[in-house]
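Report on the structure
Here is how the chains run, residue by residue.
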Amino acid sequence: MALDDSRVIKAKDIVDSPRAVEAITRPYIMVTDTAYSGKFDKLIDALEILAHANFDVVNFTGDTTTVLVMCKNLSFQRKNEME
């Protein structure tokens, strides 16, 4: 399953298809998770997968049930820098 990095990505989608993270080409992505119990297990797993793929957390916001995380793709290179 391919991830649509032009939209907010659900943490569950990253956990379900961890290899799809390798195809992300944007410099920043947004990841979200909802947990009514207050445990964000899928988000923690997704952030670990992203860390192994060279992403870093830039910012996060949330409340008791929903968290939104912005991640930076540390492997991103502008087209004119690829040479």
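Below, the structure is looked at part by part. (Residues numbered from 1 in each chain as written. Predicted model: local features only at pLDDT ≥ 70, side-chain atom pairs only at ≥ 80, totals over all residues. Heavy atoms only, no water.)

Secondary structure assignment for the protein yields 2 helices and 4 strands. Going from the N terminus to the C terminus, the protein shows its helices and strands as β-α-β-α-β-β. At 13 Å, the protein has a C-alpha radius of gyration in line with the 12 Å of a compact globule built from 83 residues. Burial analysis of the protein (83 residues in total) assigns 28% to the buried set. Relative to all contacts within the protein whose residues are 6 or more apart in sequence, the contacts with residues 24 or more apart total 50%. For the protein, the exposed area adds up to about 5900 Å²; of that, 50% sits on carbon and sulfur atoms. Positive and negative side-chain charges of the protein, numbering 10 and 13 respectively, have mean locations separated by a distance of 4 Å. (Helix = DSSP H or I, 4+ residues; strand = E, 2+ residues; numbered from the N terminus. Rg over C-alpha atoms; globule rule 2.2 N^0.38 Å. Buried < 20%, exposed > 50% of the residue type's maximum accessible area, 1.4 Å probe, protein only. Contact = heavy atoms within 4.5 Å. Areas by Shrake-Rupley, 256 points an atom, 1.4 Å probe, with all protein chains shown as cover. Lys, Arg positive; Asp, Glu negative; His and termini not counted. Charge placed at Lys NZ, Arg CZ, Asp CG, Glu CD.)

Okay, the environment of Val21 next. Within the secondary structure, Val21 is located in the loop between helix H1 (11–16) and strand E2 (28–34). Linking Val21 and Ala11, residues 10 residues apart in sequence, is a C-alpha distance of 11 Å.

The phi dihedral of Asn54 is positive, around 75°, even though this residue is not glycine. Structurally, Asn54 is set in the loop between helix H2 (41–52) and strand E3 (55–62).

Our next topic: the environment of Asp5. The residue Asp5 is located in the segment before strand E1 (9–10) in this model. Taking the relative accessible area as the measure of exposure, Asp5 reaches 16% and is therefore buried. When the C-alpha atoms of Asp5 and Gly38 are compared, they prove to be 26 Å apart, with 33 residues separating the residues in sequence. Setting aside anything within four residues of it in sequence, one finds Asp5 in contact with Ile24, Thr25, Arg26 and Ile29. Within the structure, the side chain of Asp5 is placed 3.3 Å from the backbone nitrogen of Thr25, a separation counted as a polar contact. (Polar contact = N/O pair within 3.5 Å; in protein donor to acceptor, adjacent residues only side chain to side chain.)

Within the structure shown, the criterion is met by 3 salt bridges. For Arg7, the salt bridge goes to Asp4, with nearest N and O atoms at 3.3 Å. A relative accessible area of 60% places Arg7 in the exposed class. Taking relative accessible area as the criterion, Asp4 reaches 38% and is therefore assigned partly exposed. Note that Asp16 is salt-bridged to Lys12, the shortest N-O span being 2.6 Å. Of this pair, Asp16 and Lys12 both sit in helix H1, separated by 4 residues, roughly a single helical turn. (Salt bridge = Lys/Arg side-chain N within 4 Å of Asp/Glu carboxyl O.)

Purely spatial values, then, with no claim about function.
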